[in-house]
Amino acid sequence: MKVVYPHMGHMWICVKAMLEYLDVEVVVPPPSSKKTLLLGVKHAPEFACMPLKLNLGNFMEAAEMGADTIVMAGGCGPCRFGYYAHVEHAILRDLGYRYQLVVLEPPQKHIGELLGKIKHITGHQSWRRVINGIRFGYHKAEAVDQLEKMSHYCRPRETRAGATDRALQSALREIIAVDRPEKLPAALNNAMGMMNAVSLDKQRPVLRIGLVGEIYTLLEPFSNLDIERKLGGMGVEVDRSIYLSEWINEHLFMGLKKNKGGSKLAKQKAIKYLGHSVGGHGLETVGSTVLYAERGYDGVIQLLPFTCMPEIVAQSILPRVSTELGIPVMTLIVDEQSGEAGLVTRLEAFVDLLARRKQTGKVLA
Ligand code: SF4
C-alpha cells in the first residue's frame, strides 16, 4: 500500500511522520502548483470549491509517483466536504486511476469505524504503537505551528529582507528530518534557535491583522497566494484563527489537550451574531473576528474559496461585527482565476487604510 493524502499547508510533515513511524509507505505529492490546479480544474465540476480541485490535482500527480491508496478526512454537516472524498474518487475512477479510498470520518460519530480503518492502513501494528504514532504526528504539528507563529512575528520586523523565510525553511527541515519521537524536542530547540537568530528591529511599528476563514485556504499558501508572506513584507504581523495542531486537538482528539486554541471560545463569542453551526468554520470565522476586535487587532481578513457555503454565511454577518466593534474587515475570495497583482493591490489598499486609521486614531470612512 502506497498512501497519498492531500496537501494542506505543512500538514504533510506530520501525517508523513505518523505513517512512516507505523511502517506505512507514503507518497507525498509535489507541492500544489499551477499544474496541480490545472489538472483539478480540467476534471472537477466547475462549481466545486478550490480545495476539491487542488486535491484532485494532488492525487493525479501522486499517481504518477506510484500512490495507490488515498487517505482523506470525511465530515458531516451542511458543508459539501463530507462527500468530497467520494466525488474525487469517482472522478479519478472515470479517468482510469485505480485508487483504493479510505475515508476517516470524525471520531464523535464513527469511532468504531474509524479504528477499523486505522487498523486497515497500519496492518499488523499494535494499538500502543498506533497511539504513539498519532502522538508523534501531533507533536510535529505543534512544532510546525510554533515555528510558523515565530515567522509571523519576525517577518514584519526583519532587518534583512527574506531572512525570516530562509530561517523558517531551515527550521522546518530540522523538524522534517526527525524520525523518532524522542529526537523531536532537541530538533525543535535547534529550529527555534534558527528563528531566534533572525535579526529584528523590535521597535519598528507594525500593524496586526487576524486571518479568519475556511481552513484549507487559511493553511495552504498556494491557495491564498502566500498572503502571510505578502502581508509580512508590508509590515504586518499576522495571526491565524486556525492552526493545524489546534484543529487536530479539537476535531480528532475531541479537545483532550486543554488550553489549546480558541475554537470553543470563538464559538461562544459568535453567539450574539450567529446562533448555530453553518458547517465548515463559518461560526469560528464570526467568533474569531469578535476575538480579534477584543484583542485590539488593527483589522481582519476573511479568506474563502469561491462558492464556499459556510463562509458566505459568515461573510454576510461580518459587516455588522465590523460596525459594532469598530474593526475593519476585508473579504478575499479565491479561485482558479485569482491573480497575484489584484491581490497585492487590495492588500496594499487595506494596509494603507489601517495604517492611516492607526496614525490618526480615527475611524476613516
Ligand atoms: S468549507 Fe467551503 S471550501 Fe471547504 S469544502 Fe466546505 S464548501 Fe468547500
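Figured I'd write up the structure that's included with this text. (Residues numbered from 1 in each chain as written. Predicted model: local features only at pLDDT ≥ 70, side-chain atom pairs only at ≥ 80, totals over all residues. Heavy atoms only, no water.)

Focus on the packing of aromatic side chains
Evaluated as defined, the whole model comprises 5 aromatic pairs. Taking the ring centre of Trp127 as reference, the NZ or CZ of Lys119 above it sits at 4.9 Å. Stacked on the ring of Tyr297, the Lys or Arg Arg208 has its end atom at 4.2 Å from the ring centre. (Phe/Tyr/Trp six-rings, centres within 6.5 Å; stacked < 30°, edge-to-face > 60°. Lys NZ or Arg CZ within 6 Å of the ring centre and 35° of its normal.)

Thoughts on a nonpolar patch on the surface
There is a patch of nonpolar side chains on the surface, built from Ile111, Leu115, Trp127 and Ile131 and spanning about 360 Å² of accessible area. Listed by contribution, the elements that provide at least two residues to the nonpolar patch are α5 (107-122) and α6 (127-154). Among the structural elements, Ile131 can be located in helix α6. (Patch = residues over 30% accessible without salt bridge, like charges linked within 9 Å, V, L, I, M, F, W, Y side chains within 5 Å. Areas by Shrake-Rupley, 256 points an atom, 1.4 Å probe, with all protein chains shown as cover. Salt bridge = Lys/Arg side-chain N within 4 Å of Asp/Glu carboxyl O. Helix = DSSP H or I, 4+ residues; strand = E, 2+ residues; numbered from the N terminus.)

Examining the site of the ligand
Taken together, Cys49, Pro51, Cys79, Arg80, Phe81, Tyr84, Glu214, Pro305, Cys308, Met309 and Pro310 make up the full set of residues adjacent to the ligand. Across the shell around the ligand, the residue classes tally to 9 nonpolar, no polar and 2 charged. (Near = heavy atom within 4 Å. Nonpolar A, V, L, I, M, F, W, Y, C, P; charged D, E, K, R; others polar.)

A short note on the environment of Thr164
For Thr164, the location among the structural elements is in helix α7 (residues 163-177). Apart from residues no more than four positions distant in its own chain, Thr164 is found in contact with Ser151, Cys154, Arg155, Glu158, Met195 and Val198. (Contact = heavy atoms within 4.5 Å.)

Some details on the nonpolar core
Of all hydrophobic cores here, the largest spans 68 residues; its most connected members are Leu147, Ile209, Leu231 and Ile301. With 8 residues, α6 is the largest single contributor of residues to this core. With 21 residues, the next largest nonpolar core counts Ala62, Ile91, Tyr99 and Val103 among its residues. (Core = buried A, V, L, I, M, F, W, Y, C linked by side-chain atoms within 4.5 Å. Buried < 20%, exposed > 50% of the residue type's maximum accessible area, 1.4 Å probe, protein only.)

Topic: the sheet that holds strand β2 (residues 25-26)
Taken in spatial order, the 4 strands make up an open sheet running β2-β1-β3-β4, and their pairing is parallel. Unpaired on one side and paired on the other, β2 and β4 (100-104) mark the two borders of the sheet. Inspection of the sheet shows strand β3 (residues 69-73) paired to β4 by 5 bridges, in the parallel sense. The residue of β4 that forms the bridge with Met72 is Val103. (Pairing = 2+ DSSP bridges.)

Comments concerning the pattern of salt bridges
Considering all chains together, one arrives at 21 salt bridges under this definition. In this structure, Arg240 engages Glu148 in a salt bridge whose closest nitrogen and oxygen atoms are separated by 2.6 Å. Placement of Arg240 in strand β6 (residues 236-240) and of Glu148 in helix α6 is noted, with a sequence separation of 92 residues between them. Put simply, Arg155, Asp165, Asp226 and Arg229 are held in one network by salt bridges that share partners.

Section: the side chain of Thr36
Following the sequence through the fold, Thr36 ends up in helix α2 (residues 34-43). In this structure the side chain of Thr36 is engaged in a polar contact, spanning 2.9 Å, whose partner is the backbone nitrogen of Ser33. In this view, Thr36 contacts Pro31, Lys53, Leu54, Gly57, Asn58 and Glu61; residues no more than four positions away in its chain are not counted. (Polar contact = N/O pair within 3.5 Å; in protein donor to acceptor, adjacent residues only side chain to side chain.)

Remarks on the sheet that holds strand β8 (residues 329-334)
Read from one edge of the open sheet, 4 strands run β6-β5-β7-β8, paired in parallel fashion. Strands at the two margins of the open sheet, each flanked by one partner only, are β6 and β8. The average undirected angle you get between the axes of adjacent strands in this sheet is 25°. Judged from the 5 bridges that link them, strand β5 (residues 207-213) and strand β7 (residues 299-305) form a sheet pairing that is parallel. The residue bridging Val212 from the neighbouring strand is Gln302, located in β7. Running at roughly 165° to β7, helix α14 (residues 309-325) makes contact with β5, β7 and β8 of the sheet. Against the sheet, helix α15 (residues 340-360) contacts β5, β6, β7 and β8, and its axis sits at roughly 170° relative to β8. (Axes fitted to C-alpha atoms, helices over the stretch in contact; angles between N-to-C directions.)

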